[in-house]
Amino acid sequence: MDEGTSPGSAPPRDFESLKAMLIGSRDSLPPRLIQVAAFALENPDEMALGTAASVAAQASVQPSTLIRFAKRLGYSGFSDLQDVFRAALRSSWPDYRERLARVQRARQAGGPHPLLSGFAESAMVSLERLMAQASEEDIGRAAEILARAEVIYLLGMRRAFPVALYLAYAFGKLGIRAVLADHIAGLAPEQLTEAGKRDALIAISFTPYTPMTVELTDRLADRGVPIVALTDSPFSPLSPRASVAFEIPEADYAGFRSLAATFCVAMALGVATAAKRSDK
């Protein structure tokens, strides 16, 4: 019996139970199996539809590691584990692989605006995924934290920067004091110096996670600053430090990942925060 399973215990047969098990096992799994767990939760559709070889290649592990991972969780093998992801896919969002394949076929046939169609399709899939697992309760909890804050600090670099910049614009228009840590000239640490327990931080980062964002989020969490995280996985380094963490499932097209769902969450947070402040 692999370490981490109990004799006679049955492995989870639904995705939410499997997700809870993986999050609970985060500190006990070896690094390679953590890598597989993070990939599985970030890419459930690939886990459902791929072969062991294709999934292993995308997760940057050997196929044997997938089998070891499945057996560590109590499954008979990778196919047995894969059934959980297939059941979740059937009951949730449409098969976006087929939708994007249609766009690819149109491109090969010289169809109109194939790139625009591909990016639009991936944005729609991202929004469908968001609606399938969005939590109004989390929006409410995050808005409560942000509404209490004297200053809302905004931290997002690289691909996440447009979202942080949009929030700075939105909060400004809504009359809410916000400070954007834009890291120009490497000044993000100084821009966050004044953040304290009476403020709040919105931290935004996605795989492979910008080290400076993670480091500064840790610093502010150590100072008692409440954290609202916009990220893509429960295995994100931002999640353990956050009072509320949004795991936002963005699809991609041709290797370019959408930000449609992330912007949707950002807009909802801005308006919900303003509404909470108005209520107060």
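The shown structure was predicted, so the numbers you read here are calculated from the model rather than taken from an experiment.

A. The arrangement of the overall build of the chain in detail. The helix and strand tally for the chain stands at 13 helices and seven strands. The buried share of the chain, taken over its 280 residues, is 48%. Taken as a whole, the chain presents about 13,600 Å² of accessible surface, with 55% of it coming from carbon and sulfur.

B. Structural context of the packing of aromatic side chains. Evaluation of the coordinates by the stated rule reveals four aromatic pairs. Seen from their ring centres, Y166 and F263 are 5.9 Å apart, and the 75 degrees between their planes marks the pair as edge-to-face. With Y166 in helix α10 (residues 161-173) and F263 in helix α13 (residues 260-279), the pair connects residues that are 97 residues apart, well separated along the chain. Looking at Y166, the relative accessible area reads 25%, which means it is partly exposed. Given a relative accessible area of 26%, F263 falls into the partly exposed group. Each residue in the set Y166, Y169 and F263 is aromatic and connected to the rest through ring pairs, giving one cluster. The positively charged end of R26 is found above the aromatic ring belonging to F235, 5.5 Å away from the centroid.

C. Molecular detail of the side chain of D80. Residue position: D80 is located in helix α6 (residues 78-91). The buried category is assigned to D80, whose relative accessible area is 15%. If we skip the residues at most four places from it in the chain, D80 touches R13 and Y75.

D. Molecular detail of α10. In this model α10 runs 19 Å from its N-terminal to its C-terminal C-alpha over 13 residues, within 8% of the 18 Å that 1.5 Å per residue would give. Listed in full, the buried residues belonging to α10 are V163, A164, L167, A170 and F171. Viewed end-on, α10 has its buried residues packed into an arc of 125 degrees, placing them on one side of the element. Facing away from the buried side of α10, by more than 90 degrees, are the exposed residues Y169, G172 and K173. Looking at the buried residues of α10, the elements they touch are β1 (152-156), β2 (178-181), β3 (200-204), β4 (227-231) and α13.

E. Here's a closer look at a nonpolar patch on the surface. Residues L115, F119 and F256 make up a contiguous nonpolar surface patch of about 300 Å² in total accessible area. Locating L115 in the fold gives a position in helix α8 (residues 114-133). Judged by relative accessible area, which is 40%, L115 ranks as partly exposed.

F. Expanded view of the side chain of D138. Checked against the element boundaries, D138 lands in helix α9 (residues 136-148). A polar atom in the side chain of D138 sits 3.0 Å from the side chain of R141.

G. Quick peek at the confidence of the model for the chain. On average, residues of the chain carry a pLDDT of 86, and 88% of them reach 70 or more. Contacts of residues 1-7 to residues separated by more than four positions or lying in other chains number 11 contacts, the stretch itself having pLDDT below 50.

H. Structural context of the pairing of β2. Of the strand pairs in this sheet, β1 and β2 are connected by four bridges, and their pairing is parallel. When the bridges of β2 are listed, Y153 appears paired with V179.

I. Layout of the pattern of salt bridges. Summed over the entire model, instances satisfying the criterion amount to 10 salt bridges. In this structure, E144 and K276 form a salt bridge, with 3.3 Å as the shortest nitrogen-oxygen distance. Highlighted residues: E144 in helix α9 and K276 in helix α13, separated in sequence by 132 residues. K276 sits in the partly exposed class, given a relative accessible area of 28%. For R198, the salt bridge identified is with E150, shortest N-O distance 2.7 Å. Here R198, found in the loop between α11 (188-191) and β3, pairs with E150, found in the loop between α9 and β1; they are 48 residues apart in sequence, far enough to count as distant. Residue E150 is classed as partly exposed on the basis of its relative accessible area of 42%. Bridged by salt links that share partners, the residues E144, R148 and K276 form one connected network.

J. View of the environment of D83. Examined against the element boundaries, D83 turns out to sit in helix α6. Given a relative accessible area of 40%, D83 falls into the partly exposed group. The spatial distance from the C-alpha of D83 to the C-alpha of L49 is 9.9 Å, given a sequence separation of 34 residues.

Parameters at a glance
- Residues numbered from 1 in each chain as written.
- Predicted model: local features only at pLDDT ≥ 70, side-chain atom pairs only at ≥ 80, totals over all residues.
- Heavy atoms only, no water.
- Helix = DSSP H or I, 4+ residues; strand = E, 2+ residues; numbered from the N terminus.
- Buried < 20%, exposed > 50% of the residue type's maximum accessible area, 1.4 Å probe, protein only.
- Areas by Shrake-Rupley, 256 points an atom, 1.4 Å probe, with all protein chains shown as cover.
- Phe/Tyr/Trp six-rings, centres within 6.5 Å; stacked < 30°, edge-to-face > 60°.
- Lys NZ or Arg CZ within 6 Å of the ring centre and 35° of its normal.
- Contact = heavy atoms within 4.5 Å.
- Expected span 1.5 Å × (residues − 1).
- Arc of directions from axis to C-beta.
- Patch = residues over 30% accessible without salt bridge, like charges linked within 9 Å, V, L, I, M, F, W, Y side chains within 5 Å.
- Salt bridge = Lys/Arg side-chain N within 4 Å of Asp/Glu carboxyl O.
- Polar contact = N/O pair within 3.5 Å; in protein donor to acceptor, adjacent residues only side chain to side chain.
- pLDDT = per-residue confidence, 0-100.
- Pairing = 2+ DSSP bridges.

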